[in-house]
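# Observations on chain architecture
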Amino acid sequence: MSLAVARRTALAAQGFADPRPDGPVTRRHLQRVLARIRLIQLDSVNVAVRAHYAPLFARLGAYDPALIDEAAWSHSARRPRLLVEYWAHEASLVPVQDWPLLQSGAKRPGWWRGYGRLAEASPGLVDDVLAVVKELGPVGAGTIEKELTGPSKRSPGAWWERSEVKKICEWLFGMGQLTTGTRRGFERLYDLTERVIPPDVLSRQVDAAEGARGLIARSAEALGVATEPDLRDYYRLSPQASQQAVAELVEEGTLEPVRVAGWRHQAYRHHRARTPRAVPGRALLCPFDPLIWERARTERLFGFHYRIEIYVPEPQRTYGYYVFPFLLDGELVARVDLKADRTAGVLRVPGAFAEPDADHGRVAAELAGELALMAEWLGLGGVAVGERGDLAGALRAVLGQHS
């Protein structure tokens, strides 16, 4: 398989070969994207737009963010909850139906496992946290802490530390006993999992081997063509669980071993993956978009070296604080540092940078259109381009701005 074929296969798997809706974006469009990418990463950074809203914008264009809010954090008989929060790639929104796979033992316990000792040493605290959530949930960690550590604390014989309460909340979340009932702003409000996940899903038992096969199969569908480490990374499985699942999926015909030109490792193609002749269109990709979150894979697929520079001191940053790669007709052709300045009512572009050999004029024209669409989607009055980067001048010219 040539690299170009692998790239188009990966883009189609991620939903970029599907045309954007002509009319209003609906719950059905959301479900179509979820069927492609399988999960949406959560992140607290809100410089431009919160990470869980951006992948849908990249694939569908402007839409009402309440679509995701309703799918993830509300439930009714007419519109049942579609998504639930759990540690999948990182903190993520995943389809409710995938809960048994994530609870099967296929995934290793994450960073919260370090709080297991506290839970073992303080079973009363675990019981108290669960009791408060049962009575008051959905409820934030701060309220739980006040109930258990304040002057009128519930357990007369106990004086739990506030930090310990938060740790137990996170441990119970990681163990699957609590999940997010809803959110207030971006604050997680915990609830008992049994009140969030439907009984028929919650009662479904899956062993670790079946869970690993299910998760790797979903990774393969979302990636199209991928190495075993790529497949493993999507849900953060252990090497042993992933390698065994890949071998079994190859044997049953779900995965087809392939060689991709220039890739050092064996690759695998999902048997339903399709390879369009071209992938036209454009998209701004947030740093946590599943197309690019695995940086080594991004470099292998697109020849695009990408690192998020949030934690790099400002004088040492190459491109900027919160940089979105720009996808145009199946190639990553530019990157833009973005900031939603809500006070001034503009989408700021402190820097814009073209990739080598990119057609600056065409890239600037297409990028300007997508930035204008993003600004409108975010409720901002326009786009303001700064001075940094070799694409900034062309972008300002297209937007009619002067230095």
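In case you missed it, the structure is sitting above this.
Notes on the structure follow.

Conventions used here
Residues numbered from 1 in each chain as written. Predicted model: local features only at pLDDT ≥ 70, side-chain atom pairs only at ≥ 80, totals over all residues. Heavy atoms only, no water. Pairing = 2+ DSSP bridges. Helix = DSSP H or I, 4+ residues; strand = E, 2+ residues; numbered from the N terminus. Axes fitted to C-alpha atoms, helices over the stretch in contact; angles between N-to-C directions. Contact = heavy atoms within 4.5 Å. Salt bridge = Lys/Arg side-chain N within 4 Å of Asp/Glu carboxyl O. Buried < 20%, exposed > 50% of the residue type's maximum accessible area, 1.4 Å probe, protein only.

Before going further, it helps to examine the sheet that holds strand S2 (residues 83-87). Strand order in the open sheet made by the three strands is S1-S3-S2, with antiparallel pairing throughout. On the outer flanks of this sheet lie strand S1 (40-41) and S2, each paired with one strand and no other.

We now examine the sheet that holds strand S9 (residues 267-270). Pairing is antiparallel across the open sheet formed by three strands, whose spatial order is S7-S9-S8. Two strands in the sheet have a free side with no partner beyond their single neighbour: strand S7 (225-227) and strand S8 (255-258). Sheet twist, expressed as the mean angle between neighbouring strand axes with direction ignored, is 35°. When S8 meets S9, the two strands line up antiparallel, connected through four bridges. Looking at the pairing, glutamate 256 lines up with arginine 269 of S9. Helix-sheet contacts for helix H13 (residues 239-252) involve S8 and S9, and the interaxial angle to S8 is about 100°.

Opposite charge on two side chains lets them pair, provided their charged atoms get close. On inspection of all chains with the given rule, the structure shows 31 salt bridges. For arginine 297, the salt bridge goes to aspartate 230, with nearest N and O atoms at 3.2 Å. Pair noted here: arginine 297 is in helix H14 (residues 295-302) and aspartate 230 is in helix H12 (residues 228-235), with a separation of 67 residues, a long-range link. Classification of arginine 297 by relative accessible area gives buried; the value is 4%. With relative accessibility at 4%, the residue aspartate 230 sits in the buried group. A salt bridge links arginine 236 to aspartate 233; its shortest N-O distance comes to 3.0 Å. The exposure class of aspartate 233 is buried, given its relative accessible area of 16%. Counted as one network, the salt bridges with shared partners bring together Arg20, Arg282, Asp329, Arg362, Glu366 and Glu370.

What follows deals with the pairing of strand S12 (residues 331-341). Counting buried residues along S12, nine of its 11 residues qualify, which places the element largely inside the surrounding structure. Examined bridge by bridge, strand S11 (residues 323-328) and S12 share six bridges and lie antiparallel to one another. Each residue of the ladder has a partner; that of phenylalanine 326, found in S12, is alanine 334. Linkage of S11 to S12, two consecutive antiparallel strands, is achieved through a turn of two residues, within which aspartate 329 is found at a positive phi near 50°. Note that S12 and strand S13 (residues 346-354) share seven bridges and pair antiparallel. Note that in S13 the partner of lysine 339 across the bridge is arginine 348. The turn joining S12 and S13, which pair antiparallel and follow one another in sequence, is formed by four residues; a positive phi near 75° is taken by glycine 345.

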